Amino acid sequence: MQQETSHQYLRGTSYRWKRTGQQGKINRYIAVPLQNQTKYLTRNLPYLKDLKLAHPTNNADSFEISLLIGAGNYWDIVQDHVIRGNGPTAVASKIGYLLSGTVIRNGKKSFTSSVLLNVTSHHAEESDIEKFWNLESLGIRLPQQDNEDSFVKTDQQDCIKFENERYSAKLPWKLDHPDLPSNIMIAKARTESTIRRLSREPHLLRKYSEIIEDQMKRGFIEKVNDKNDIRKSTQYIPHHAVKKDSTTTPIRIVYDCNCKKLPDHASLNDCLMSTPPDLNDLTKILMGFRTKKNTISTYIEKAFLHIGLDEKDRDFTRFFWLSDTDNPSSTLTTYRFKSILFGATSSPFIQNATLLKHLDACNTNISAIMKNDLYVDNVLSSLENEDDAAKYFVQSRSLMLEAGFNLRSWSSNCSKLTDLAKQHNVCEKETFVKILGLKWDTITFQKVDLFDIELPNITKREILKQSSRIYDPLGLLSPVSVRAKILMQTLWEQKYGWDEPLPLEIQTTWKNLAKDLEKSTYTELKRPYFPNLPNQKT
């Protein structure tokens, strides 16, 4: 059975069922020739080497589908063994391993959808369309049944430890990961480039150095004497600055764990498991946040860095910085992480698994609430009365501090909780608070300007680009935004090219629709909770 996108189908003959009146289509061909990627995958992804694939590896650029297997027979063929890695997942079957997942080539990501026979590619635009429609199914998709829960439990038991009032974790190395040669020269060169770039804005260089100094004081990193250190597997991680529109963290240091010694060598991320974190459903979190009168928002400060890194893994997280932070021309000093770092592909999974382990171990009413309301490092809760909200503040902070985690940036419409947060100096300081991308305490949408191009230049690509900018996970703007999706469906059916100027009639339709979209994104929903639910105060 092979999943296809609409560009892979050939036109057929329309017909009508005589008895029911329903319309259908007969296709002379099921699919056009598909792009063959097996050779690329087995050559560049070590964990797929030496596997017997359902489709043999060969040099052909494309292949014809010669066998379709119905969904009803799929489970008669598929077997239990699953191999995950930094790319497509391999699933054992009676006819060989089946591949499905994401392929990254030349720095670009494409999506594969092979169920039984081979890996097929979608164009980047089609992947964008898939993302465009994914928000429509938030909260209504059935949970996938797989072995991720057992994998999380195993990792929590074997790799995550609680000692000296702090959690620590081992890096989840792939069982058959490639050799990891030292990349010291390229890491040093890229660090020197970062210093030169930051030197043009001295205040940013000073802030950058302050962050590293603070991490040293708090025990997140440590200095290393790397003289005469010739271990081949030692890894050095380049880093650079990302500016943020935030009063608390105006600049963030991002570490590049994808850095390779040479293009055909492995990076640190290539050698680590990339299992996704077991997150709560986004729609459930946002809906629950609005169901009771007293709404509460907080987040875990530097959650990654408060999880220690096993000492045996620390030399794979080395990096360079100035020996004299006041002198951009000073020599470089070597550091390494003592904590989980931002940039490793496994870090989100480790963070989530650690937090869930701690909340499960506490086994209290507050920990149960937090477990249900946790999303990455954000906690969004709602409670019925102010006394419960104040109690939640005290008990949740105490619970998390037991493991070295600090809950900060508290926001609430409960005056008792807000007063407590101010007393402990953990109250949110931003004027406008965002709740997973939505402004609060009135739910507002960032106004979107959809008219940054001239009318005659409107193409299918531009319509997708502009209409995809609206972030509405709860579907509150669907009565308007669905019209953009309907328009995209029409353009797809009429087979317009991505960069082909559209007919004037369609451009006019889009212009009128874009005006409505602009107006809708300026909407304010005055209630932070649902007023019509039972037992709600209005």
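Residue positions within a chain follow its written sequence, with the count starting from 1. Given that the model is predicted, a residue must reach a pLDDT of at least 70 before its local features are reported, and side-chain atom pairs must reach 80 or more before they are shown or counted; all residues, however, enter totals for whole chains, interfaces and linings. Each side-chain value is derived from all of the structure's non-hydrogen atoms; neither hydrogens nor water enter the calculation.

**Student:** Sorry, what's going on with the overall build of the chain here?
**Tutor:** A run of H or I in DSSP counts as a helix once it spans at least four residues, and a run of E counts as a strand once it spans at least two, with each numbered from the N terminus. Within the chain, the secondary structure is distributed over 14 helices and 24 strands. Any two residues whose heavy atoms approach within 4.5 Å are treated as being in contact. If you take every contact in the chain between residues at least 6 apart in sequence, the share linking residues at least 24 apart comes to 70%. For every accessible area listed, the method is Shrake-Rupley and the probe measures 1.4 Å; residues are considered covered only by the protein chains on display. Accessible surface computed for the chain: about 29,600 Å², of which carbon and sulfur atoms make up 50%.

**Student:** Teacher, can you tell me more about the sheet that holds strand β16 (residues 318-322) here?
**Tutor:** Backbone-to-backbone hydrogen bonds join strands into a sheet, with any given pair of strands oriented parallel or antiparallel. A pair of strands is labelled paired if DSSP reports no fewer than 2 bridges between them. What the 3 strands build is an open sheet, ordered β11-β17-β16; its pairing is antiparallel. In this open sheet, the two edge strands, each paired with only one partner strand, are β11 (221-224) and β16. Within the sheet, the average angular offset between the axes of one strand and its neighbour, ignoring direction, is 40°. Note that β16 and strand β17 (residues 332-337) share 5 bridges and pair antiparallel. Considered in β17, the bridge of Phe319 is made with Tyr335. Here the axes come from fitting lines to C-alpha atoms, over the contacting stretch only for helices, and the angles between their N-to-C directions go from 0 to 180 degrees.

**Student:** In this structure, what is going on with helix α10 (residues 386-401)? I would like to understand it.
**Tutor:** Because an α-helix completes one turn every 3.6 residues, residues spaced three or four positions apart along the sequence face the same direction. With 16 residues, α10 should reach 22 Å at 1.5 Å per residue; the first-to-last C-alpha distance of 23 Å fits that figure. The classification of residues rests on relative accessible area computed with a 1.4 Å probe and restricted to protein chains. Under 20% of the type maximum is buried, over 50% is exposed, and intermediate values are partly exposed. When we look at burial in α10, the residues that qualify are Ala389, Ala390, Tyr392, Phe393, Ser396, Arg397, Leu399 and Met400. Contacts described as polar in this section are N or O atom pairs within 3.5 Å, which, within protein, must combine one atom able to donate a hydrogen with one able to accept it, while residues neighboring in sequence count only if both atoms come from side chains. Capping the start of α10 is the job of one residue whose side-chain oxygen sits 3.2 Å from the backbone nitrogen of Asp387: Asn385. Multiplying 1.5 Å by the residue count of a helix minus one yields the expected span of that helix.

**Student:** Which parts of the structure should I look at to understand the sheet that holds strand β18 (residues 374-375)?
**Tutor:** Strand order in this open sheet of 4 strands is β18-β19-β14-β20, and the pairing throughout is antiparallel. For this open sheet the edge positions go to β18 and β20 (407-412), each flanked by a neighbour on one side alone. Pairing analysis gives 4 bridges linking strand β14 (residues 294-300) to β20, with the strands arranged antiparallel. Bridge pairing in β20 links Ile300 to Leu407. Contacting β14, β19 (378-383) and β20, α10 crosses the sheet at an angle of about 170° to β20.

**Student:** What is the right way to read the packing of helix α13 (residues 478-493) against helix α14 (residues 504-520) from this model?
**Tutor:** Between two packed helices, what matters for the description is the angle formed by their axes and the separation of those axes. With their axes 9 Å apart at the nearest point, α13 and α14 run at an angle of 155° to one another. Between α13 and α14, the angle falls in the class roughly antiparallel. In the crossing of α13 with α14, the sense of the turn from one axis to the other is left-handed. On α14, the residues that touch Val480, Ser481, Arg483, Ala484, Leu487 and Leu491 of α13 are Ile506, Trp510, Leu513, Asp516, Leu517 and Ser520. Looking at the contact of α13 with α14 residue by residue, the classes come out as 8 nonpolar, 2 polar and 2 charged. For classification, angles of less than 35 degrees are called roughly parallel, those exceeding 145 degrees roughly antiparallel, those between 65 and 115 degrees roughly perpendicular, and all remaining angles oblique. Each crossing is labelled by how the near helix is turned from the far one, with a counterclockwise turn of less than a right angle marking it left-handed and a clockwise turn marking it right-handed. Any residue outside Ala, Val, Leu, Ile, Met, Phe, Trp, Tyr, Cys, Pro, Asp, Glu, Lys and Arg is labelled polar, Gly included; the first ten of those are nonpolar and the last four are charged.

**Student:** Could you clarify how one ought to interpret unusual backbone geometry in this entry?
**Tutor:** Both trends apply: most residues other than glycine have a negative phi, and most peptide bonds are in trans. Its identity as a non-glycine residue notwithstanding, Asn425 has a phi of 60°, on the positive side. Along the chain, Asn425 turns up in the loop between α11 (415-423) and β21 (433-435). Accessibility expressed as a relative area gives 60% for Asn425, which makes it exposed. Despite not being glycine, Lys495 shows a phi value in the positive range, around 60°.

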